[in-house]
Amino acid sequence: MNNLIQNYKIILEELINTCSHIKTTNQIRLPKLSDMELVALNITAEYMSINSELQLFRHISGTELAGKIERSVYNKRKRRLFPYIEKIRETLSNKFSDFTNVFIVDSTPIEICKISRAKRSAICSTEYIKPSFGYCAAKKTRYFGFKLHAVCDKNGIFHSFDFSPANVHDVNYLKDVNENFKNCLLIGDRGYISENLRVDLFNYSNIELSVPMRKNQYDFVEFSKTKSKIRKRIETNISQLCGQFSINTNFAKSFQGLATRIVSKITSFTMIQYLNFFIFKRSLNKLKINLC
């Protein structure tokens with residue numbers, strides 16, 4: 001038995017315990033590998049940094065999972081299960097929802113191809129959303145693709161995320177935040193400076209938006225060092241997603257495939273946090289630690 005199978009069994013057991021109530025699509029013929037087993041395998045692969053499906057099927061060759069599903073069928077079913085994976089992620093993150101009312105918002109670039117190929121690239125484009133050119137201030141570089149907007153709490157649990165074209169300003173994501181959060185403190189960077197939205201968030205959902213002021217702003221006040229320290233949590237999360245989970249490596253050819261890859265990685269991220277905290281009683285955000 002290899003490490004992948006051992007990790008898979010641990011993750012599958014907890015998914016059955018916590019998410020068995022989530023309904024999935026009705027199937028006339030039950031597949032050899034159930035939807036929950038497929039999601040557990042997907043989460044395990046992301047956790048173990050197995051970023052290629054070819055590599056994944058080499059790992060499961062000769063194990064009890066070999067022959068239960070073909071690689072092409074695995075890929076198609078995984079894309080179709082996007083809503084199911086998202087419900088699992090929401091269920092896991094809701095386990096932490098009562099621990100704090102302090103949240104952090106940030107965005108990160110999702111590059112789909114190099115700029116030199118951008119004008120002739122047609123991948124990850126749909127009728128409703130298309131990749132575009134954008135600028136990442138943190139890396140001081142231009143890129144072609146999308147933005148991933150995310151909100152996590154001060155402990156590092158992702159509670160909400162969404163996509164937008166790369167040329168959409170960060171502040172526009174705040175218009176969606178008031179539907180999902182209430183009575184809380186929301187910390188962001190200077191990309192979220194907007195007095196009108198700050199007032200709207202407070203009046204509509206009692207959300208206190210706190211962002212650093214620009215030095216040339218009227219009545220400048222230094223940003224709290226405590227809030228600056230809290231805000232680093234989401235930057236660390238994004239670094240972990242880029243490093244261990246390879247969120248910036250794109251193999252998808254459709255936007256549905258890209259979105260499924262991203263939600264799989266964030267769900268895997270949340271699953272390991274859940275196991276660390278509730279099962280193994282250890283540090284919440286040590287994601288590279290062995291499960292077995």
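Described below are features of the structure shown in this document. Since the model is a prediction, treat every value here as computed from it, not as a measurement.

Things to note about the pattern of salt bridges
Argument step 1. Taken as a whole and judged by the stated rule, the model has 10 salt bridges.
Argument step 2. The salt bridge involving glutamate 64 is made with lysine 9; its shortest N-O contact spans 3.4 Å. Remark: lysine 9 occurs in helix α1 (residues 3–19) and glutamate 64 occurs in the loop between α3 (53–59) and α4 (71–80); sequence separation between them is 55 residues.
Argument step 3. Using a relative accessible area of 45% as the deciding quantity, one classes glutamate 64 as partly exposed.
Argument step 4. You can call lysine 9 partly exposed: its relative accessible area is 34%.

Re the nonpolar core
Argument step 1. Ranked by internal contacts, the top residues of the largest apolar core, which has 66 residues, are Ile11, Leu15, Leu56 and Leu258.
Argument step 2. Among the elements that make up this core, the one with the highest residue count is helix α10 (residues 255–279) (11 residues).
Argument step 3. In contact with leucine 56, other than residues within four places in its own chain, are Leu4, Leu41, Ala45, Ile50 and Tyr74.
Argument step 4. The next biggest cluster of nonpolar side chains, apart from the first, holds 16 residues, and it includes Tyr173, Leu174, Leu197 and Leu209.

Description of the packing of helix α5 (residues 82–94) against α10
Argument step 1. Across the interface, α5 lies against α10 with an axial gap of 9 Å and an inter-helix angle of 25 degrees. As judged from the angle between their axes, α5 and α10 are roughly parallel. The handedness of the crossing between α5 and α10 is left-handed. Residues Phe82, Ile85, Glu86, Ile88, Arg89, Leu92 and Ser93 of α5 form the contact with α10, whose own contacting residues are Gln256, Ala259, Thr260, Val263, Ser264, Ile266, Thr267, Thr270, Met271 and Tyr274.

Some details on the side chain of aspartate 153
Argument step 1. Note that aspartate 153 resides in strand β3 (residues 141–153).
Argument step 2. Comment: no salt bridge for buried aspartate 153; closest opposite-charge side chain is arginine 233, at 7.6 Å.
Argument step 3. Setting aside anything within four residues of it in sequence, one finds aspartate 153 in contact with Phe96, Thr100, Val102, Phe103, Ile104, His159 and Arg233.

Focus: the side chain of serine 93
Argument step 1. Tracing the backbone through its elements, the reader meets serine 93 in helix α5.
Argument step 2. Overall, the relative accessible area of 2% leaves serine 93 in the buried class.
Argument step 3. Polar side-chain contacts of serine 93 include one of 3.1 Å to the backbone oxygen of glutamate 90.
Argument step 4. Non-local contacts of serine 93, meaning those with residues more than four positions away in its chain, are made with Ile157, Phe158, His159 and Thr270.

Rules of the game
Counting of residues starts from 1 at the beginning of each chain's written sequence and follows it residue by residue. Totals for whole chains, interfaces and linings use every residue, but because this is a predicted model, local features are given only for residues with pLDDT of at least 70 and side-chain atom pairs only at 80 or more, for both listing and counting. Only hydrogens and water are removed before side-chain values are computed, so all heavy atoms of the structure are retained for them. Definition used for salt bridges: Asp or Glu carboxyl oxygen within 4 Å of a side-chain nitrogen of Lys or Arg. Helix and strand definitions follow DSSP, with helices as H or I runs of at least four residues and strands as E runs of at least two, each counted in order from the N terminus. Any residue under 20% of the maximum accessible area for its type is buried, any over 50% is exposed, and the rest in between are partly exposed; the area is computed with a 1.4 Å probe on protein chains only. The criterion is simple. A nonpolar core is a set of buried Ala, Val, Leu, Ile, Met, Phe, Trp, Tyr and Cys residues joined through side-chain atoms within 4.5 Å. Contacts are residue-level and defined by heavy atoms, with any inter-residue pair within 4.5 Å sufficient. Between N-to-C directions, angles span 0 to 180 degrees; the directions come from axes that are lines fitted to C-alpha atoms, helices contributing only their stretch in contact. Relative orientations are named as follows: roughly parallel for angles under 35 degrees, roughly antiparallel for angles over 145 degrees, roughly perpendicular for angles from 65 to 115 degrees, and oblique for any other angle. Working rule for handedness: look at the near helix, and if it is turned counterclockwise from the far one by less than a right angle, call the crossing left-handed; if clockwise, right-handed. Counted as positive: Lys and Arg. Counted as negative: Asp and Glu. His and the chain ends are not counted at all. Here a polar contact is recorded for every N or O atom pair within 3.5 Å, except that within protein the pair must consist of a potential hydrogen donor and a potential acceptor, and residues adjacent in sequence are included only if both atoms are side-chain atoms.

Keep in mind these numbers describe shape, not what the thing actually does.
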